[in-house]
Amino acid sequence: MHALRVRVGLLGLALLAGLSAPATATAAPAAPAPTVEELRLDKAVPQEILTRSGFDAVAPRLARLLTDAHSYAQARRIVVREGTALWRRAVDRAQGRGPAGGDLSRDDDRPLYWARLGLSREVRTWEPEFGLGEAQRSALLDSLERTSRGQTGIGYPRTGGLKRVLVTGFDPFTLDRDIRISNPSGASALALDGTVIETADGPARVEAVVFPVRWRDFAEGTVERTLRPYLPRVDLFATVSQGRVGRFDVERTNGAWRGGFADNENVGDTGTIPVADPAGQPQWTTTTLPYAAITAAGTGRFPVYDNTSVTEIPAGGTAPVVRPDGPTAGSLARAGGGGDYLSNEIAYRATLLRDRLGLHERLPGGHVHTPVLQFGTGNTTEVTDPEFVRNRLDIVAQVRAILAVAARE
């Protein structure tokens, strides 16, 4: 009887120990966390932008559709369809088609940016009953990014005599400094996608895409993957981003250097721009846009400059030097005309791809910096104002005029 009591007591202690021990071996995996970009969605300004444009229903719709998905294949079809629809809706809104969805001006690029983040957060945190592997989730997010940025919808008609122009823009950035920020290059992409520009040399069809402000996407080759199929087929390309206050710049030279400024994920990266075949990577690439004609033309209210400045470490030197007239032989790049951030990097990657495809002599292409899009005087809190809208419309119109000049040369 004494032995039996001992065995029962030991069993009880074992059961208590099992109940109190942390169940690390059998715990369910933690739900995927939203990114730094996606977490900004919960702030008041993004919510106001979504509500005042009618894009506030985009992410909830995807959530409902994913709830009814019973396989990865079905989920992928849903994500591709909704990503494509978001891009088309943003383009249509910017070009005056369909309902405005609210009182926010149609030229605004921000509804697309914040709605896309709403979609990506739904996909990133979705936990279906059938299970979703890490690679599958990454593939869904990649499909969403590409479709909602217009990268899978580039298409030129076969009409003879129609020039083909490819334009890129960017998301808003420096959002922790001012979350209200809009990017006029992204607004230009929406306004121009699928349109025809009349030039002195005939009509030109424009296709446009938008890229993220994230170092990692560029390191993973998003620019090359998007542009490579089309550069041999177009007559002109221009990468566009927001640059300096009160002026446009045609950037003459691009440098192979990342300067480390924080991106939209609050990540910085410093060093040589990572590309395929780094052994054959040049320190500098150059524009083949007709910069003299562009700067001489009256394209709008902002002055346009041929920017030849770079920052280099001269051959045999150790310290960076600013060169107003371009790089010297054998120097190391530390900033192109467009700086050392992602605007310089997209220009470098696009022009390097042009050169590696053997198109330098026949394909005009390079980078255009727009003026900084500024709010009206005294506006430090409102998401929009009349001067803000006027500035964006004028910048977009001038981007169109610059392309018209470039396409006729």
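Predicted model only: the values in this text are computed from it and were never measured.

Sorry if this is basic, but what is going on with the side chain of Thr 168 here?
Mapped onto the elements of the fold, Thr 168 is located in strand S1 (residues 163–170). Under the relative-accessibility criterion, Thr 168 is labelled buried at 2%. Thr 168 has contacts with Val 209, Phe 211, Leu 227, Ala 238, Thr 239, Val 240 and Ile 346, leaving out every residue within four places of it along the chain.

Hey, could you run me through the pattern of salt bridges in this one?
Two side chains bearing opposite charge may form a pair once their charged atoms approach each other closely. According to the stated counting rule, one finds 38 salt bridges in the structure shown. Put simply, Asp 193 and Arg 88 hold a salt bridge, and the shortest N to O gap is 3.2 Å. Residue Asp 193 is located in the loop between helix H8 (184–192) and strand S2 (196–199), and its partner Arg 88 is located in helix H5 (residues 72–94); the two are separated by 105 residues in the primary sequence. Looking at Asp 193, the relative accessible area reads 4%, which means it is buried. You can call Arg 88 partly exposed: its relative accessible area is 35%.

For this particular structure, what's the right way to read the sheet that holds strand S12 (residues 321–323)?
Within a beta sheet, neighbouring strands are joined by backbone hydrogen bonds and run either parallel or antiparallel to one another. As summarised here, the arrangement of the three strands in space is S12-S11-S13, forming an open sheet in which the pairing is antiparallel. Strands at the two margins of the open sheet, each flanked by one partner only, are S12 and strand S13 (332–335). In this sheet, neighbouring strand axes are inclined to one another by 40° on average, regardless of whether the strands run parallel or antiparallel. Sheet topology places strand S11 (residues 310–313) next to S13; three bridges connect them, and they run antiparallel. Its bridge partner lying in S13, Glu 312 is registered against Ala 333.

Looking at this structure, how should I read unusual backbone geometry?
Phi is positive for Thr 174, which is not a glycine, with a value near 50°. Take Thr 174: it is sitting in the loop between S1 and H8. Looking at Thr 174, the relative accessible area reads 16%, which means it is buried. Even without glycine at this site, Asn 266 takes up a positive phi of about 60°. Here Asn 266 lies in the loop between strand S7 (257–259) and strand S8 (270–272).

Parameters and conventions
Each chain has its residues counted from 1, following the order in which its sequence is written. pLDDT decides what is reported in this predicted model: residues at 70 or higher carry local features, side-chain atom pairs at 80 or more are listed and counted, and totals for whole chains, interfaces and linings draw on all residues regardless. Note that water and hydrogens are dropped before the side-chain values are worked out from all heavy atoms of the structure. Helix numbering and strand numbering both begin at the N terminus, where a helix is a DSSP run of H or I of at least 4 residues and a strand a DSSP run of E of at least 2. To sort residues, take the accessible area from a 1.4 Å probe on protein chains only and compare it with the maximum for the residue type: under 20% means buried, over 50% means exposed, and anything in between is partly exposed. By definition in these notes, contact holds between two residues if any of their heavy atoms fall within 4.5 Å. Salt bridges, as used here, are contacts in which a Lys or Arg side-chain nitrogen is within 4 Å of a carboxyl oxygen on Asp or Glu. A pair of strands counts as paired when DSSP detects no fewer than two bridges linking them. Fitted lines through C-alpha atoms serve as axes, helices being fitted only where they are in contact, and the angles separating the N-to-C directions of these axes extend from 0 to 180 degrees.

These figures come from the coordinates and say nothing about function on their own.
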